[in-house]
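# Architecture at a glance
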Amino acid sequence: GALSVKDLLENVHGPLYSLLLHLWSSVAGESEWALRFPSAIAGVLTVPAFAWLAGRWLGRDAVTPAAWLAAGSPFLVWYSQEARNYSLLILCVCASAAALLELQRRCDLAGVGRYLGLAAMAMLSNLSFALLAPLHLRWWLAGDPATRPARLRSLALTVGVMLLVAAPWFGSIARTWDWRRLQPERNAVAGETALRGTTTFHAAAVPFALHAFAVGYTLGPSLRELRSHAGAETLKRHAAELALVSLVFGALGAAGIVALARRKRLADTILWLVAPGLLVSYFAAQNFKVFHPRYLAVSLPCVLLVLAAGFASLSPRLRRIATVAVAALWSVSLYQHYFVADYAREDYRGALAVVRAQVAPDEQVLAMGSEDPVQFYARGLKVDRLWLGHVQSAGVMPAKFAAKLSQAGGTWVVLSRAEDLDPQDTFARWLEQTYPRAGRWSRPGVRVWHVTGSDRAAEAPPAPAVP
């Protein structure tokens, strides 16, 4: 569809990616292949960009392990297959960092322009690039004393240009979030609920992020397990996998930290890895923004660089052992990514194939939960949306749902990601009690009901309400 300037200025999360995808799809179409292609290309380009960064930050001995780590990382594979901005963000983070480290060796107009272009792309790919401002400032001020005067003169220009680039989005940034929540002494207002589910932050959030950075989302508990019933039993079922991941990557990470200390890179590591993690955790603890590993994607290159430093520091025999161990864990993770349904993304394609095979001309599709994928796979059908969050207010959902049903002769309800807004699955239980004769189908992560007026129970159950 149309993409206006207003749309771009309201998109504080990734206007550059949205623009690139819009321009690309106008040429290549809107198939899955076309929409995923830009992310795949960014993922491929991340490998040489990361190798370039490793050579500038760690030295030539870390380039080869760094390239292999970037090529095989299940976390990078995951985001290189999504029509989302994180693959482009990670590419720009790696390339802008390498360009800035180059300025420490030689600071000229071409080098400053290259850094500015890459940094601007990173910032417009995702606002989380701002988490690296302290690290980049340190690199502007540190390094070879011979180039420091030139870098200091260029720093003012750089700050000015970056502010000008971001300025059109300042209004949207100010309106998007409730910045008052970041006040340290703030108390939650009466009735304030978590931004998602029952809590916005959990003590295991940071360990989970490190686990995801190490082996992706497809080794250990699956995302649907964690969303539905995370707890001691879930972790117990995957204890062996979690122990192996902790042993292998813990040992390699420890070797990397020791190597970074020898290379005098620990301060960089703290600014690159620890500081963003603390800040994002604080955001979540203040109920300002939920915690998710992808919001720390700017720190992923640092994690892989720590591992690359660890590889480079090992003896040839230990390096072979570490290589086999990492390759084995990543092979299992990637196998489950591609072939095990429990770890697969929600199967919207399969769910909508069921609908297309049986939908009547006067019927509609009603998307609930995660709505955009349903909109994509139901193209050509009559599609409407109903916000699942209405279930939080007593008596609201039945009226809203009835109004939607009255619009068509029959309705195909497609529900996914219910745990985000309805962790108790209240709506699905109410729907099945209210329309007991409705047809039901399920695909991994997606449930489908075919509802008509004749499916309604003789005595309607009470309106859904979340405890």
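Now for a quick tour of the structure.

About the criteria used
Residues numbered from 1 in each chain as written. Predicted model: local features only at pLDDT ≥ 70, side-chain atom pairs only at ≥ 80, totals over all residues. Heavy atoms only, no water. Buried < 20%, exposed > 50% of the residue type's maximum accessible area, 1.4 Å probe, protein only. Helix = DSSP H or I, 4+ residues; strand = E, 2+ residues; numbered from the N terminus. Pairing = 2+ DSSP bridges. Right-handed = clockwise from strand over helix to strand, strands pointing away. Axes fitted to C-alpha atoms, helices over the stretch in contact; angles between N-to-C directions. Parallel < 35°, antiparallel > 145°, perpendicular 65-115°, else oblique. Contact = heavy atoms within 4.5 Å. Nonpolar A, V, L, I, M, F, W, Y, C, P; charged D, E, K, R; others polar. Core = buried A, V, L, I, M, F, W, Y, C linked by side-chain atoms within 4.5 Å. Salt bridge = Lys/Arg side-chain N within 4 Å of Asp/Glu carboxyl O.

### Section: the pairing of strand 1 (residues 363-369)
- In terms of burial, strand 1 is a largely internal element, six of the seven residues being buried.
- Sheet topology places strand 1 next to strand 3 (residues 410-416); seven bridges connect them, and they run parallel. Of the residues in strand 3, the one forming a bridge with Leu366 is Val413.
- Bridging between strand 1 and strand 2 (residues 383-385) involves three bridges; their strand directions are parallel. Bridge pairing links Ala367 to Arg385 in strand 2.
- Between strand 1 and its parallel partner strand 2, the chain crosses via helix 19 (residues 372-377), and the hand of that crossover is right-handed.

### Brief notes about the packing of helix 8 (residues 133-141) against helix 15 (residues 266-285)
- Running from amino to carboxyl end, helix 8 crosses helix 15 at an angle of 150 degrees, the nearest separation of the two axes being 8 Å. Classified by the interaxial angle, the pair formed by helix 8 and helix 15 is roughly antiparallel. Along its contact with helix 8, which presents Pro134, Leu135, Arg138 and Trp139, the element helix 15 presents Ala267, Asp268, Leu271 and Trp272.
- Its residues assigned to classes, the contact of helix 8 with helix 15 shows six nonpolar, no polar and two charged.

### With respect to the nonpolar core
- Ranked by internal contacts, the top residues of the largest apolar core, which has 116 residues, are Leu53, Trp57, Phe129, Phe249, Trp272 and Leu352.
- Element by element, the count of residues in this core is highest for helix 6 (residues 86-105), at 15 residues.
- Discounting residues that sit within four places of it in the chain, Trp272 has contacts with Leu53, Trp57, Leu132, Leu135, Trp139, Val298, Ser299, Pro301, Cys302 and Leu305.
- Ranked by size, the runner-up nonpolar core spans 19 residues in total, among them Met368, Leu386, Met397 and Phe401.

### Side note on the pattern of salt bridges
- Under the defined criterion, the tally for this structure stands at 19 salt bridges.
- When the shortest N-O distance is used, the salt bridge between Glu346 and Arg417 registers 2.6 Å. Taken together, the residues span a long stretch of sequence, with Glu346 in the loop between helix 17 (316-339) and helix 18 (348-358) and Arg417 in the loop between strand 3 and helix 21 (418-421) at a distance of 71 residues.
- Residue Glu346 is classed as buried on the basis of its relative accessible area of 12%.
- Judged by its relative accessible area of 27%, Arg417 is partly exposed.

### A closer look at the pairing of strand 4 (residues 439-443)
- Note: strand 4 against strand 5 (residues 446-451), five bridges, orientation antiparallel. By the bridge assignment for strand 5, Arg440 is matched with Trp449.
- Hairpin connection from strand 4 to strand 5: two residues lie between these consecutive antiparallel strands, with Gly445 at a positive phi of about 80 degrees.

By themselves these figures say nothing about function.
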